[in-house]
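Here is how the chains run, residue by residue.
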Amino acid sequence: MLLAERQQKLVQLVNDKKSVRVSELSEMFSVSEETIRRDLEKLEYDKKLIRSHGGAIHLTPDDDSIEIPFSERETMNVEEKQEIALKAVEYVKEGDKIILDASTTACYMAKVLPDIAITVLTNSVKVAMVLAKKERVTVISTGGILLSNSLSYVGLLAESAMDTYHVDKAFVSCKGLHLERGLTDSDEQQASIKKKMIENAGTVYIMIDCSKIGIRSFSKFSDLDVIDYLITDSNIDGTLVQQINDRGLDVIKV
């Protein structure tokens, strides 16, 4: 079977079954799992599907304007998110007051945060639950309207909670970082609370893998010149790093 034919059938399978595993595809097409992973990487780049941990999930036509459920996002680009989270933790010091958003990367970060005397303000149910096991970490949950897909609080109450505090550092993810468009998210309510997070932090870290760079999603919440650091994976192109630096944003590669 030719490469193009295999990839076409692969996309059709993912769309039909909604999700598939690498091992299943490897057996079905009689090729190695590494070959399937390369196929999935190419098809994700072409916006034909979304890679998940151990497989792939379907991409609907309007995925750019909806929020993928947390349980599905948690299995996407896992290795990159974990590495970014580990790097981000290096910038948290005892006594810090920080914000963690409701992204899956922030959840990974919460898991690896040391049990030290810090205060964490978050709109994420999952982050709060993870940090509840750490005795020295003080957790402040915003409250607000609960979105079941993202397990996060949004709305006026959540945004008012953000305005009540000023923190040392904010660690925020997003759906897209565009050199001209800035930072965007798929959900207007999420974008609105991320804007508040940025406004009420001394230093802002954006945590995304490089597949989100160059993407313009539905709702803008920040220009690049108000962000201090971008933490991303090592696959980012050197020319792109320079272009981002030229806009006043320091790039930290894991």
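Not measured: the values here are computed from a predicted model. (Residues numbered from 1 in each chain as written. Predicted model: local features only at pLDDT ≥ 70, side-chain atom pairs only at ≥ 80, totals over all residues. Heavy atoms only, no water.)

Digging into the sheet that holds strand β10 (residues 176–178)
Then comes step 1: Spatial strand order, β10-β11-β13: three strands in an open sheet with antiparallel pairing. At either margin of the open sheet sits one strand with a lone partner, and together these are β10 and β13 (219–222). Within the sheet, the average angular offset between the axes of one strand and its neighbour, ignoring direction, is 35°.
Then comes step 2: Two elements, strand β11 (residues 182–185) and β13, share three bridges in a ladder whose sense is antiparallel. Directly across from Asp185, in β13, lies its bridge partner Ser219. (Pairing = 2+ DSSP bridges. Helix = DSSP H or I, 4+ residues; strand = E, 2+ residues; numbered from the N terminus. Axes fitted to C-alpha atoms, helices over the stretch in contact; angles between N-to-C directions.)

Observations concerning the pairing of strand β9 (residues 167–172)
Then comes step 1: Buried residues dominate β9, accounting for five of its six residues.
Then comes step 2: Strand direction decides the pairing type here: strand β4 (residues 97–100) and β9, joined by three bridges, are parallel. Note that in β9 the partner of Leu100 across the bridge is Phe171.
Then comes step 3: In the sheet, β9 pairs with strand β12 (residues 201–207) via five bridges, with the strands oriented parallel. The partner of Lys169 across the bridge, within β12, is Thr203. (Buried < 20%, exposed > 50% of the residue type's maximum accessible area, 1.4 Å probe, protein only.)

So, the confidence of the model for the chain
Then comes step 1: On average, residues of the chain score 89 in pLDDT, and 92% of them are at 70 or above.
Then comes step 2: Here residues 61–66 is a poorly scored stretch, pLDDT under 50, and it has 13 contacts once near neighbours within four places are set aside; other chains count. (pLDDT = per-residue confidence, 0-100. Contact = heavy atoms within 4.5 Å.)

Description of the packing of aromatic side chains
Centre distance and the angle of the planes are the two values used to describe a pair of aromatic rings.
Then comes step 1: This structure, assessed with the given rule, holds four aromatic pairs.
Then comes step 2: Geometrically, the ring pair formed by Tyr91 and Tyr229 is stacked, given 6.5 Å between the ring centres and 25° between the ring planes. Separated by 138 residues along the polypeptide, Tyr91 in the loop between α5 (78–89) and β4 and Tyr229 in strand β14 (residues 229–232) bring together distant segments of the chain.
Then comes step 3: Note on Tyr205 and Tyr229: the rings are 5.0 Å apart at their centroids and 15° apart in plane angle, and the pair reads as stacked. Here Tyr205, found in strand β12, pairs with Tyr229, found in strand β14; they are 24 residues apart in sequence, far enough to count as distant. (Phe/Tyr/Trp six-rings, centres within 6.5 Å; stacked < 30°, edge-to-face > 60°.)

Things to note about the nonpolar core
Then comes step 1: Within the largest apolar cluster, 29 residues are counted, with the highest numbers of intra-cluster contacts made by Leu177, Leu183, Ile206, Ile213, Leu230 and Ile244.
Then comes step 2: Mapped onto this core, the elements with two or more residues apiece are α8 (156–164), β9, α9 (188–199), β12 and α10 (238–245).
Then comes step 3: No other element matches α9, which puts four residues into this core.
Then comes step 4: Excluding anything up to four places from it in sequence, Leu177 contacts Gly182, Leu183, Ile208, Lys212, Ile213, Gly214, Ile215, Leu224, Leu230 and Leu249. (Core = buried A, V, L, I, M, F, W, Y, C linked by side-chain atoms within 4.5 Å.)

Points about the sheet that holds β9
Then comes step 1: Taken in spatial order, the seven strands of this open sheet run β6-β5-β4-β9-β12-β14-β15, and their pairing is parallel. Two strands lie at the open edges of the sheet, namely β6 (137–141) and β15 (250–253), each paired on one side alone. Recorded for the sheet is a direction-independent mean angle of 25° between the axes of neighbouring strands.
Then comes step 2: Note that strand β5 (residues 118–122) and β6 share five bridges and pair parallel. The partner of Thr119 across the bridge, within β6, is Thr138.

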